[in-house]
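# Architecture and fold: a report
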Amino acid sequence: MHLYRVTVAWTCEGDFAANTYSRGHEWRFDGITVPASSSPTVVKLPFSKEDAVDPEEAFVASLSSCHMLWFLDLARQRGFVIESYEDDAVGSMVRIEASRYWIDKVTLRPRIRYAEGRAPDAAAETALHDDAHHLCFIANSVRSEVTVEPVTADT
């Protein structure tokens, strides 16, 4: 078993009882502090912070990051050489019922640049993405649909 520890710290700024308090807080892990907040689409400004990571963005980022890390390792193991990897991932949140929402779908759109002569063909790249998705710890932990739509140089 692996344990992952994060400290989430918040101190009241504003009037808590009147619901006019800041949702800004910090995520602390491994000696790094990341500014965090509720999403401005959920809690309106100025009570949320646009320049902070919100839980929904972090969810999408963790899926994207996990997929990328598996993809890079699998590509390396199979003899391909990657020069860069960039993913414009998107998550959509929809209503389940009154006052309940969930992120129903996350779409990963990786754009990968391979070293000349060291790139997989289309079938091998699809297999890499499929294998990375099935090995991704985060994808295995959620019920949201996660799709991968690789972006090629032609797209």
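What comes next is a walk through the structure. The structure presented is a predicted model; accordingly, all values stated were derived computationally and were not measured.

Given a rise of 1.5 Å per residue, 23 residues ought to cover 33 Å, and the 33 Å separating the end C-alpha atoms of helix 1 (residues 55–77) matches this to within 8%. Among the residues making up helix 1, those that are buried are Val-60, Leu-63, Ser-64, Cys-66, His-67, Phe-71, Leu-74 and Ala-75. At its buried positions, helix 1 is contacted by strand 6 (82–87), strand 7 (90–97), strand 8 (100–108), strand 9 (110–114), helix 2 (122–135) and strand 10 (145–148). Looking one or two residues past helix 1, Gly-79 carries a phi angle of roughly 90°, positive in sign.

The next thing to look at is the packing of aromatic side chains. Per the counting criterion, the structure on display carries five aromatic pairs. Both rings, one in Trp-10 and one in Phe-16, keep their centres 6.1 Å apart while their planes meet at 55°; by these two values the pair is tilted. Here Trp-10 falls in the partly exposed class, since its relative accessible area comes to 37%. Considering the side-chain rings of Trp-10 and Tyr-21, the 5.8 Å spacing of their centres and the 75° angle between planes classify their relative orientation as edge-to-face. Of the two residues, Trp-10 sits in the loop between strand 1 (7–9) and strand 2 (14–15) while Tyr-21 sits in strand 3 (residues 20–21), which places them 11 residues apart along the sequence. Joined through ring pairs, the aromatic side chains of Trp-10, Phe-16 and Tyr-21 make up one cluster. Over the ring of Tyr-21 we find Arg-23, and its NZ or CZ is 3.8 Å from the ring centre. Across the ring face of Trp-102, the terminal group of Arg-143 is positioned such that the distance to the ring centre comes to 4.5 Å.

In this structure, the largest pocket spans a volume of roughly 630 Å³. Taken together, 19 residues line the largest pocket, and the ones lying closest to its centre are Val-6, Trp-27, Phe-29, Ala-58 and Ser-62. Of all the secondary-structure elements, those providing two or more residues to the lining of the largest pocket are strand 4 (25–29) and helix 1. Ranked by residue count, the leading element in the lining of the largest pocket is helix 1, at 10 residues. For the lining of the largest pocket, the per-class residue count stands at 14 nonpolar, two polar and three charged.

So, how was this worked out
Residues numbered from 1 in each chain as written. Predicted model: local features only at pLDDT ≥ 70, side-chain atom pairs only at ≥ 80, totals over all residues. Heavy atoms only, no water. Helix = DSSP H or I, 4+ residues; strand = E, 2+ residues; numbered from the N terminus. Expected span 1.5 Å × (residues − 1). Buried < 20%, exposed > 50% of the residue type's maximum accessible area, 1.4 Å probe, protein only. Contact = heavy atoms within 4.5 Å. Phe/Tyr/Trp six-rings, centres within 6.5 Å; stacked < 30°, edge-to-face > 60°. Lys NZ or Arg CZ within 6 Å of the ring centre and 35° of its normal. 1 Å grid on protein atoms, 1.4 Å probe; cavity = no way out; pocket = protein on both sides within 12 Å on 5 of 7 lines; lining within 4 Å. Points joined across faces, edges and corners; volume = space filled by probe spheres on them. Nonpolar A, V, L, I, M, F, W, Y, C, P; charged D, E, K, R; others polar.

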